[in-house]
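In case you want the letters, here they are:
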Amino acid sequence: MRVTALTIVSLFLAGAVQAAPSVYPTGVTRYDPAKAWNGYVIFTGADQRTRLIDMNGNPVREWPYRGFPAAVIDPAVNGGRRGDVMLQTAETEQKDPRAFGNGLNNQAIGVLDWDAKPVWEWSRQAPGGAARQHHDGQRLANGNTLVLANKVHKIPGFALDETIDDVIYEVDANGKVVWQWLASEHLEEFGFSKQQLELVRASDKADVLHLNNLKALGPNKWYEQGDQRFHPDNLIIDSREANFIAIIDKKTGKVVWNLGPNYPKLDTRNTTLPRPVDQLAGLHDANLIARGLPGAGNILVFDNQGGSGYPPVAATVTTGSRVVEIDPISKQIVWQYSAADSNQPLWAFHSSFISSARRLPNGNTLIAEGMFGRFFQVTPAGEIVWEYVSPYFGPLFGSKASSNWSYRATPVPYDWVPAGTPRSEKAVLPPALSDFRISQ
């Protein structure tokens, strides 16, 4: 089956029937300032605009472009300048029908300052004359930029005449590619069995791996303890379609660590920790928790439990999504969050595609349930201490449906913004749901 806009619309609508009422509140629906990590959140709404909001959901800055994702530039690698973001600054006029969920129509990415003025752009200098960026990008300490992009070409041994391959570029300040890596050249390093490799090559999906994450590992305890696989320059990626996470050695291009695509069967009743990683499916946003944060050195990933895999993982009607924290050495789950941890049924938290999870300085985790435009913070025990539902709607992938979906939400510390930027931290007490009514 090809990954098409119609396929994803069908998945979305099926999930909506299960999880979302037709009328619901938007904005901040609960907030405990004493238990939450207090900062900003940046995201792109379904209206294709990017906003930075405070803890009460007030937009404090807006950029008239979308991000895939909206990536903040760390002032530490930016000459100390605050408030720069990396967004998509243009798209091609001719829409590629294969383009849903990848970057085939993304002509240019750029860095914009706090006032939305362009600082840097990469477009026509890119191979093929367009960035084709998708899902991730990162400004490095050396001033270069990592770009996850697509390359459409014939891959020897594949059934399709053209496959949407995943390529990683490192681009210098002048737009020159100084390093690149192509996923199709490393298929035998991702952990596939011989039979699975045959399914991958025979697939009728154009976007056969659909990598949706790219990050440099950064300083970490594993490398400091002598494990060369975790060199700070090495890169972590994950595949939505093939259910694996991998670390790429930046010097050799080889995969030096991987998890998946084969796991023990998921047992939602097993809450024992730690335990071996069980079935991940349709995963997103695998990231090594940064040094200085609780859980530093572990991998945090949003496990969508969306349909994916070679062969496809069997879906169930009662399982929701989850966030798992994995020790990369023992490959065990050391923490996880599902709706059950908030005393809800498992299906109350579910996004079959997109979404993200990030560890916060106080030990909380910011989760984006992207399919429903819901961002929330949970404590290590699973208590929801901040929740926001995006009020920004737009057409869903060219259909008649309207949605507030959002690809990713990223926490932003107060010192990232220019001095004097407003913020609000007023507690929001949610009503009892059984008493929550619209006045008539």
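Our subject in this report is the structure included herewith. (Residues numbered from 1 in each chain as written. Predicted model: local features only at pLDDT ≥ 70, side-chain atom pairs only at ≥ 80, totals over all residues. Heavy atoms only, no water.)

### Regarding the environment of Gly363
Part 1 of the reasoning: Inspection of the secondary structure puts Gly363 in the loop between strand S22 (356–359) and strand S23 (365–369).
Part 2 of the reasoning: Using a relative accessible area of 10% as the deciding quantity, one classes Gly363 as buried.
Part 3 of the reasoning: Once residues lying within four places of it in the same chain are set aside, the contact partners of Gly363 are Pro294 and Pro380. (Helix = DSSP H or I, 4+ residues; strand = E, 2+ residues; numbered from the N terminus. Buried < 20%, exposed > 50% of the residue type's maximum accessible area, 1.4 Å probe, protein only. Contact = heavy atoms within 4.5 Å.)

### Things to note about the pattern of salt bridges
Part 1 of the reasoning: Within the structure shown, the criterion is met by 24 salt bridges.
Part 2 of the reasoning: The partner of Lys215 in a salt bridge is Asp136, and the shortest N-O contact between them spans 3.4 Å. Note that Lys215 is positioned in strand S13 (residues 211–216) and Asp136 in strand S9 (residues 133–139), a separation of 79 residues in sequence.
Part 3 of the reasoning: With a relative accessible area of 13%, Lys215 lands in the buried category.
Part 4 of the reasoning: Linking Glu387 and Arg374 is a salt bridge whose minimum nitrogen-to-oxygen distance equals 2.7 Å. Note that Glu387 is positioned in strand S25 (residues 384–389) and Arg374 in strand S24 (residues 374–378), a separation of 13 residues in sequence.
Part 5 of the reasoning: Given a relative accessible area of 9%, Arg374 falls into the buried group.
Part 6 of the reasoning: Salt bridges linked by common partners bring Asp136, Lys215, Asp285, Arg358 and Arg408 together as one network. (Salt bridge = Lys/Arg side-chain N within 4 Å of Asp/Glu carboxyl O.)

### Details of the sheet that holds strand S11 (residues 163–171)
Part 1 of the reasoning: Strand order across the open sheet formed by four strands is S9-S10-S11-S12, with antiparallel pairing between neighbours. If you trace the sheet from one side to the other, it starts and ends with S9 and strand S12 (177–182), each paired once. Across the sheet, the axes of successive neighbouring strands diverge by a mean angle of 30°, strand direction being ignored.
Part 2 of the reasoning: Across five bridges, the pairing between S11 and S12 is antiparallel. Paired with Tyr169 across the strands is Gln180, a residue of S12. (Pairing = 2+ DSSP bridges. Axes fitted to C-alpha atoms, helices over the stretch in contact; angles between N-to-C directions.)

### As for unusual backbone geometry
Part 1 of the reasoning: The amide bond that connects Phe68 to the next residue, Pro69, takes the cis arrangement and shows omega of 5°.
Part 2 of the reasoning: Inspection of the secondary structure puts Pro69 in the loop between strand S4 (59–63) and strand S5 (71–72).
Part 3 of the reasoning: Of note, the bond from Gly260 into Pro261 is cis; its omega dihedral lies within 30 degrees of zero at 5°.
Part 4 of the reasoning: Take Pro261: it is sitting in the loop between strand S16 (255–259) and strand S17 (275–276).
Part 5 of the reasoning: The phi angle at Gln48 is positive, at roughly 70°, despite the residue not being glycine.
Part 6 of the reasoning: In this fold, Gln48 is placed in the loop between strand S2 (40–44) and strand S3 (50–53).
Part 7 of the reasoning: Among the residues examined, Gln48 registers a relative accessible area of 34% and is labelled partly exposed.
Part 8 of the reasoning: Of note in the backbone geometry, Ser355 takes a positive phi value of approximately 95° without being a glycine.
Part 9 of the reasoning: As for its placement among the helices and strands, Ser355 is situated in the loop between strand S21 (332–337) and S22.

Note that every value here comes from positions in space, so none of it alone points to a role or purpose.
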